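# A structural walkthrough
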4 protein chains.
Amino acid sequence: MEAFSDGVMAVASTLLVLDLAIPATQHTDLLARLIGEWPGYLGFLVSFATIGVIWLGHSAITDYLERVDATLLRLNLLLLFFVCLLPFATGLLAEFIDQEGAERVASTVYGLLLLLCSVLLSVLWRYAVRAKLLHPDLDDDEVTLLTRRVTPGIGGYVLMIILGLFFPGAAVIGYLVIAVFLLLPFSLRRRPPEEHDKRRSPRRRSRPSEH
Amino acid sequence: MEAFSDGVMAVASTLLVLDLAIPATQHTDLLARLIGEWPGYLGFLVSFATIGVIWLGHSAITDYLERVDATLLRLNLLLLFFVCLLPFATGLLAEFIDQEGAERVASTVYGLLLLLCSVLLSVLWRYAVRAKLLHPDLDDDEVTLLTRRVTPGIGGYVLMIILGLFFPGAAVIGYLVIAVFLLLPFSLRRRPPEEHDKRRSPRRRSRPSEH
Amino acid sequence: MEAFSDGVMAVASTLLVLDLAIPATQHTDLLARLIGEWPGYLGFLVSFATIGVIWLGHSAITDYLERVDATLLRLNLLLLFFVCLLPFATGLLAEFIDQEGAERVASTVYGLLLLLCSVLLSVLWRYAVRAKLLHPDLDDDEVTLLTRRVTPGIGGYVLMIILGLFFPGAAVIGYLVIAVFLLLPFSLRRRPPEEHDKRRSPRRRSRPSEH
Amino acid sequence: MEAFSDGVMAVASTLLVLDLAIPATQHTDLLARLIGEWPGYLGFLVSFATIGVIWLGHSAITDYLERVDATLLRLNLLLLFFVCLLPFATGLLAEFIDQEGAERVASTVYGLLLLLCSVLLSVLWRYAVRAKLLHPDLDDDEVTLLTRRVTPGIGGYVLMIILGLFFPGAAVIGYLVIAVFLLLPFSLRRRPPEEHDKRRSPRRRSRPSEH
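Residues numbered from 1 in each chain as written. Chains lettered and ligands numbered in written order. Predicted model: local features only at pLDDT ≥ 70, side-chain atom pairs only at ≥ 80, totals over all residues. Heavy atoms only, no water.

## Considerations on the overall build of chain A
- Along the backbone of chain A there are 10 helices and 0 strands.
- Residues classed as buried in chain A amount to 61% of the 211 residues present.
- Contacts in chain A between residues far apart in sequence, at least 24 positions, make up 79% of those at least 6 positions apart.
- Surface exposure of chain A reaches about 8,200 Å², of which carbon and sulfur atoms provide 64%. (Helix = DSSP H or I, 4+ residues; strand = E, 2+ residues; numbered from the N terminus. Buried < 20%, exposed > 50% of the residue type's maximum accessible area, 1.4 Å probe, protein only. Contact = heavy atoms within 4.5 Å. Areas by Shrake-Rupley, 256 points an atom, 1.4 Å probe, with all protein chains shown as cover.)

## Structural notes on the relation of the copies chain D and chain C
- Superposition of chain D onto chain C requires a rotation of 90° combined with a translation of 0.0 Å along the rotation axis, giving an RMSD of 0.0 Å. On the angle and the small slide along the axis, the relation comes out as a four-fold axis. (Least-squares fit on C-alpha atoms with pLDDT ≥ 70 in both.)

## Quick word on the state of the cysteines
- Applying the stated criterion across every chain, the model contains 0 disulfides over all chains.
- As a non-bridged cysteine, Cys84 of chain A has Cys117 of chain A as the owner of its nearest cysteine sulfur, 9.6 Å distant. (Disulfide = S-S within 2.5 Å.)

## Topic: the interface of chain B and chain C
- Across the contact, 34 residues belong to chain B and 39 residues belong to chain C.
- Taken together, both faces of the contact between chain B and chain C bury some 3,100 Å²; the carbon and sulfur share is 76%.
- It is Phe4, Arg74 and Phe88 of chain B that lose the most area in chain B upon contact with chain C, and together they represent 22% of the buried surface on that side.
- Inspection of the chain B/chain C interface yields 0 salt bridges.
- Inspection of the region where chain B meets chain C yields 1 residue pair in polar contact (both at pLDDT 80 or more).
- Contributions of two or more residues to the side of chain B that touches chain C are made by α1 (2–15), α4 (70–96) and α5 (102–130) of chain B.
- Take the side of chain B that touches chain C: its biggest share by element is 15 residues, from α4 of chain B.
- Grouping the constituent residues of the side of chain B that touches chain C by class yields 25 nonpolar, 4 polar and 5 charged. (Buried area = accessible area lost by both parts, 1.4 Å probe. Salt bridge = Lys/Arg side-chain N within 4 Å of Asp/Glu carboxyl O. Polar contact = N/O pair within 3.5 Å; in protein donor to acceptor, adjacent residues only side chain to side chain. Nonpolar A, V, L, I, M, F, W, Y, C, P; charged D, E, K, R; others polar.)

## Regarding the packing of aromatic side chains
- Applying the stated rule across the entire model yields 36 aromatic pairs over all chains.
- Measuring from centroid to centroid gives 4.6 Å for Trp55 of chain A and Phe4 of chain D, while their planes differ by 20°, and the two rings are stacked. Pair noted here: Trp55 of chain A is in helix α3 (residues 38–64) and Phe4 of chain D is in helix α1 (residues 2–15), and the two residues belong to different chains. Across this residue pair, the class does not change: Trp55 of chain A and Phe4 of chain D are buried.
- Ring geometry for Phe81 of chain D versus Phe82 of chain D: centroids 5.4 Å apart, planes at 70°, classification edge-to-face. As far as burial versus exposure is concerned, Phe81 of chain D and Phe82 of chain D are alike and both buried.
- Pairwise contacts between aromatic rings join Phe44 and Phe48 of chain A together with Phe81 and Phe82 of chain D into one cluster. (Phe/Tyr/Trp six-rings, centres within 6.5 Å; stacked < 30°, edge-to-face > 60°.)

## A closer look at α1 of chain B
- For α1 of chain B, spanning 14 residues, the distance from its first C-alpha to its last is 20 Å, which sits close to the expected 20 Å at 1.5 Å a residue.
- Burial analysis of α1 of chain B places 12 of its 14 residues in the buried class, which makes it a mostly covered element.
- Looking at α1 of chain B, one finds that the buried residues are Phe4, Ser5, Asp6, Gly7, Val8, Met9, Ala10, Val11, Ala12, Ser13, Thr14 and Leu15 of chain B.
- Tucked into the core, α1 of chain B has its buried residues touching α1 (2–15) and α4 (70–96) of chain A, α3 (38–64) and α4 of chain B together with α1 (2–15) and α3 (38–64) of chain C. (Expected span 1.5 Å × (residues − 1).)

## A word on the relation of the copies chain B and chain C
- Here chain B sits on chain C after a turn of 90° about the axis and a move of 0.0 Å along it, with an RMSD of 0.0 Å.
- Mapped onto chain C, only 9% of the interface residues of chain B again fall at the interface, so the copies present different surfaces.

## As for the packing of helix α3 (residues 38–64) of chain D against helix α6 (residues 140–150) of chain D
Residue and element names in this part refer to chain D.
- Interaxial distance between α3 and α6 falls to 11 Å at its minimum, and their mutual angle equals 155°. Between α3 and α6, the interaxial angle falls into the category roughly antiparallel. Of the two possible hands of crossing, α3 and α6 adopt the one that is left-handed. Contacts between α3 and α6 involve Leu56, Ala60, Ile61 and Tyr64 from the first element and Glu142, Leu146 and Arg149 from the second.
- Tallied by class, residues from the contact of α3 with α6 come to 5 nonpolar, no polar and 2 charged. (Axes fitted to C-alpha atoms, helices over the stretch in contact; angles between N-to-C directions. Parallel < 35°, antiparallel > 145°, perpendicular 65-115°, else oblique. Left-handed = near helix turned anticlockwise from the far one by under 90°.)

## Details of the packing of α1 of chain A against α1 of chain D
- For the pair α1 of chain A and α1 of chain D, the least separation of the axes is 8 Å and the interaxial angle reads 40°. For the element pair α1 of chain A / α1 of chain D, the angle class is oblique. For α1 of chain A against α1 of chain D, the interelement crossing comes out right-handed. Residues Asp6, Met9, Ala10, Val11, Ser13, Thr14 and Leu15 of chain A of α1 of chain A touch α1 of chain D, and the partners they reach there are Ala3, Phe4, Gly7, Val8, Val11, Ala12 and Leu15 of chain D.
- Here the contact of α1 of chain A with α1 of chain D is composed, by residue class, of 10 nonpolar, 3 polar and 1 charged.

## A short note on the interface of chain D and chain C
- With 39 residues of chain D in contact, the opposing surface of chain C contributes 34 residues.
- Across the chain D-chain C interface, the total number found is 0 salt bridges.
- Across the chain D-chain C interface, the total number found is 1 residue pair in polar contact (both at pLDDT 80 or more).
- Among the elements of the structure, α1, α2 (30–36), α3, α8 (168–183) and α10 (193–205) of chain D are those that each provide at least two residues to the side of chain D that touches chain C.
- Partitioning the side of chain D that touches chain C into residue classes produces 25 nonpolar, 8 polar and 6 charged.

## Some points on unusual backbone geometry
All names here are of chain A.
- Here the phi dihedral of Lys132 falls at roughly 55°; this positive angle occurs in a residue that is not glycine.
- Within the secondary structure, Lys132 is located in the loop between α5 (102–130) and α6 (140–150).
- Residue Lys132 is classed as exposed on the basis of its relative accessible area of 65%.

## Digging into the confidence of the model for chain A
- Averaged over every residue, the pLDDT of chain A is 80; residues scoring 70 or more account for 85%.
- Here the complex is predicted with pTM 0.84, and the ipTM for its interfaces comes to 0.81. (pLDDT = per-residue confidence, 0-100.)

## Examining a nonpolar patch on the surface
- Together, Val158, Ile162, Leu165, Phe166 and Phe167 of chain A make up a nonpolar patch on the protein surface, roughly 510 Å² of accessible area in all.
- Residue placement: Leu165 of chain A occurs in helix α7 (residues 152–166). (Patch = residues over 30% accessible without salt bridge, like charges linked within 9 Å, V, L, I, M, F, W, Y side chains within 5 Å.)

## Section: the environment of Phe96 of chain B
All names here are of chain B.
- As for its placement among the helices and strands, Phe96 is situated in helix α4.
- In this structure Phe96 comes out as buried when scored by relative accessible area, which is 0%.
- For Phe96 and Leu163, which are 67 residues apart along the polypeptide, the C-alpha to C-alpha distance reads 17 Å.

## Topic: the environment of Gly155 of chain B
- Tracing the chain through its elements places Gly155 of chain B in helix α7 (residues 152–166).
- Along the chain, Gly155 of chain B and Ala60 of chain B lie 95 residues apart, while their C-alpha atoms are 21 Å from each other.

## Some details on the side chain of Thr50 of chain D
- As for its placement among the helices and strands, Thr50 of chain D is situated in helix α3.
- The residues contacting Thr50 of chain D, other than those within four sequence positions of it, are Leu114, Tyr157 and Ala179 of chain D.

Following this line, the structure appears as structure tokens:
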């Protein structure tokens, strides 16, 4: 499951680059043209950061899993389905961000997709906890910690989607803020890094065979 | 074999997104335009679900293998060859689904490709069973179970290809139904999930080194 | 080294599909149009089969390696460099195969690339043998066998490139014949399959940790 | 971390091929046209070689790591972010290399990206050293050796970016020289290959589980 998921996320994040348009050859003031393409770069940045957040959460989950079951594999496929759509939604956003009306549609589609990815990641984790697929020696604190971690993005995305109906541009900035916030090393928000690393690292590399 | 196969399937499923056309900039009613592109989304959904089914079957097979031989590696390459063609056939379908005549050709080409993927996956499994490449401690029940699982899609695809000669649109819906049906957690169709998980999960993670 | 190489080859083989042009929408006789695109499918087939051959040879080599050194890693990068160019050369071939003059250039560029891939794979293996990077318990027979296997393509490609200067179309068929010949299960050409499988399979899955 | 990083780098290096334009069909003097496209090939070569250098450094670092922490994972994502942008910057370079003015912008953007990748790789390594994430039995010599290795490129890129403001073409050649220099087997520049291989290879394959 991990190899396929990592592959899909690696490809999806790299395909984002295809949405960055290379300006037509005849224009000589390339710098001005590139600066004019800022929505494309912003979209690339937000989408890459979001896939980064999903990947971090996903690899934390797979590290904690002892086994998988049929349902978990399907939930995982559904998450990857939405991740695969991100390059398309990013392209839509970059294309229409400066056009009234269309901008609102693009930003809403994009936000809904980010929300769905975020919800699916959370569902994946909660299912794994409930179906008892985790390593038996994980203590409840660690489970609670990761539960808290995969949750806050959801509320943020809902807020931003609503905001985006009125101010689409602000919503895109909001999506970036959410991703950057979730990317901040976990330890900065929860506990001193020393303790966090000591706690998590041995588990992180632990493989079922070691238990 | 697994890394390469997972890679090809991950890339193929992500490349599908390139078939989703971003509407031209001048149109302002983006929502209507996006809704008008529904064949593209339908194709993306069917192809992604089908690759998901193939991946699930493929990773079940590789889990059960104890060793590979030269023929199995070639059969696997042939399966991947058809998987690689899926983004092309999906693009064809999305482009022509609303055009009489062309629609029938596109839907038949697409169905034949799904059929070939399905047949190859089944051949791969049957060859592995016959050439005694499986773990020696697999019981016959488990072998029979997986054999039954990789088979039913084939009949469905043949039916849908024939149906598609007369009603191409209905066939595409049929391909989606087959994929969704095959994606439903196995346990729902065979046995209570409790028992199924207990049975399959320990095997699923079992690696040759543990035997 | 293996994960990165497998990744590059998986992506390269899947990117080939982007060379398959989807006919423009206005043509209704889609079947005739698709048949008219046969050079594209032929190119896809030859390139996919060739990457398949390279992947089979490459994974046989990495299975036999006990360790890597700095030079081997660089030779491997060079091989991947040429593999990455294959989708481009394939596109060139598909585009120009029916145009006199251009056809000869495209077929020669394509053949030279196949030759370079083939030579690099052979150099990689020979270097690994000479630098004593293989498992110490490999017997000479097995080494000779693989040496013989990664060699014959080279002569074939040289012949076909020369032939292609006069009959470019025939050369492309020749490239396909070479790839298919190299893809035929090894055992068919060397020894009875029974014996071959018994001989190779235990080694194939052997990992340094098992030695 | 390794699978995802390898995946991103494999895809990024393969996507470079999409920047190689296939000449329009109507031109019959294909050879002349292909030769006229040399900036594209040069860009492909430089970018592929640079990703190769980054990959070599990255896989040396991950080999030396005993564990990862939250900060290292984020630094790694940042490195991959810049790697993902390489196909875009390469396309820019290929498109504008023969146009005064635009050429300078493209070459500077490209150089800055190479510099950022190089700096990030160095930061990743230095962070790993300082945060004591390496295998405890690594001796200081080995650490110093790799530190020296991931550093020199940085100065070279700064020089070339400045040079590129006046002679953009020369800078591109400079980027190639840096990449080729960094690709030269390490041993040629540091110590006799014999000794180097003996020293590094056993470590290179060492896995945490073996310690």
